[in-house]
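An overview of the molecular structure
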Amino acid sequence: MLLSLIAFAAVSTSSPALFVRQGEIIIYEVKSVPLVSSSTLKVLFHGVPLPVFKRDYINFVVVPADVGEKPGEYELEISDDYNSFEKSKVVVQKNPFKEIVEGVAYEFVTLPAIEQQSIQKAKAPLVASLNTSAKATLPQLWLNTFSYPVLNPEITEEFGRTRIYTNFRSVHKGTDFRGNTTTPILATSDGKISFAADKPLYFEGNSVILDHGQGMVSEYLHLSKVSVKEGEFVRRGEVLGYAGATGFVTGPHLHFAIKIGKAYVDPVQFIESFIERE
């Protein structure tokens, strides 16, 4: 019986094309490998491992398209240590994000080179944290669902909006939620704090990065206060800090971002995609 199962699993199949818009995800049900544990399943997209989870004995894959992904066809490969189970075509479609023409210069670009270098140097630990998480060095820590980082969420700036300056194009890679210095910021799901800084960075201000494992992270920027430390494990709904106006901002709010591997995706569409499956 075992030999017949192995022989069956070793057959690679092709599935109908998957469609995903720039800056969004799809949660794909893997029907070709029902007997394989999600912990041993390997899914590669652009050569980057993707999050896999199991619900009701069914394997699912979170397939992201970065906000700046070039529209076109790409390959998704599903395998384990021994077999290639499935190869699927992923079609990334254009997402009509809003554009705003500012008509002025982007301030950072106008700074002296030595100041720009200093800003980037201060940001290096945050970048290193994101790069490490993207390699999926941690196993799945997240629950099979996610929640909003603030109570009664009110969006003040949408994901994907592009501001066109005379010398730069700035893409908004997160969603801004209304908040003030008394607004608690909550963990969207379980994870490990990979970065926590209460010394404001030029752009991000006081920041927290939460690594959910499998290459998935959530980012919380511009905080007035950070309530956690690097290395801590937190549960969904725990307070990470409080909204604020630190960093490159015009007023108090939370900038909340979701990154899967190298892809930034719309946090609202991401969260709602999981809520729909509860």
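These remarks concern the structure in this document. Treat the numbers as computed from the prediction; the structure is a model and nothing was measured. (Residues numbered from 1 in each chain as written. Predicted model: local features only at pLDDT ≥ 70, side-chain atom pairs only at ≥ 80, totals over all residues. Heavy atoms only, no water.)

**Some thoughts on the overall build of the chain**
Threshold: Runs of H or I in DSSP of at least four residues are treated as helices and runs of E of at least two as strands, each being numbered from the N terminus. Note that the radius of gyration is over C-alpha atoms, with the globule rule given as 2.2 Å times the number of residues to the power 0.38. Throughout, exposure labels follow a simple rule: accessible area from a 1.4 Å probe, protein chains only, divided by the maximum for the residue type, with under 20% read as buried, over 50% as exposed, and the rest as partly exposed. Whether two residues are in contact is decided by their heavy atoms: any pair within 4.5 Å suffices. Method for areas: the Shrake-Rupley scheme with a 1.4 Å probe, in which residue coverage is limited to the protein chains shown. In this charge count, Lys and Arg are treated as positive and Asp and Glu as negative; neither His nor the chain ends contribute. In plain terms, the charge of a residue is placed at NZ if it is Lys, CZ if Arg, CG if Asp and CD if Glu.
When its secondary structure is counted, the chain shows 4 helices and 22 strands. On C-alpha atoms alone, the chain measures out to a radius of gyration of 20 Å, which is about the 19 Å that the 2.2 N^0.38 rule sets for 278 residues. Taken along the three principal axes of its C-alpha coordinates, the chain extends 65 × 40 × 35 Å. The burial tally for the chain puts 49% of its 278 residues in the buried class. For the chain, the proportion of contacts with a sequence separation of at least 24, taken over those separated by at least 6, is 69%. Total accessible area on the chain is roughly 13800 Å²; 55% of this is exposed by carbon and sulfur atoms. Here the chain carries 27 positive and 31 negative side-chain charges, and the mean point of each set is 3 Å from the other.

**Focus: the pattern of salt bridges**
Quick note on the threshold: The working definition used for a salt bridge is a side-chain nitrogen of Lys or Arg within 4 Å of a carboxyl oxygen of Asp or Glu.
According to the stated counting rule, one finds 10 salt bridges in the structure shown. Linking K98 and E158 is a salt bridge whose minimum nitrogen-to-oxygen distance equals 3.8 Å. Taken together, the positions of K98 in the loop between β8 (84–93) and β9 (99–101) and E158 in the loop between β10 (155–157) and β11 (162–164) put the pair 60 residues apart, joining distant regions of the chain. Here R235 and D190 are joined by a salt bridge, their closest N and O atoms 2.9 Å apart. Placement of R235 in the loop between β19 (233–234) and β20 (239–242) and of D190 in the loop between β14 (184–186) and β15 (191–201) is noted, with a sequence separation of 45 residues between them. Residue classification places R235 among the partly exposed positions, given a relative accessible area of 47%.

**Comments concerning the nonpolar core**
Which entries qualify depends on this criterion: What makes a nonpolar core is a set of buried Ala, Val, Leu, Ile, Met, Phe, Trp, Tyr and Cys residues whose side-chain atoms join them at distances within 4.5 Å.
In terms of nonpolar packing, the biggest core is built from 32 residues, with F270 and F274 touching the most fellow members. At the level of secondary structure, the elements contributing two or more residues to this core comprise β2 (25–30), β6 (58–64), β15, β16 (205–213), β17 (216–223), β21 (253–260) and α4 (267–275). Element by element, the count of residues in this core is highest for β21, at 4 residues. Those residues in contact with F274 that sit more than four places away from it in its chain are I25, I27, F53, R55, V62, W142, N144, T145 and F146. The next biggest cluster of nonpolar side chains, apart from the first, holds 18 residues, and it includes V20, V52, V61 and V90.

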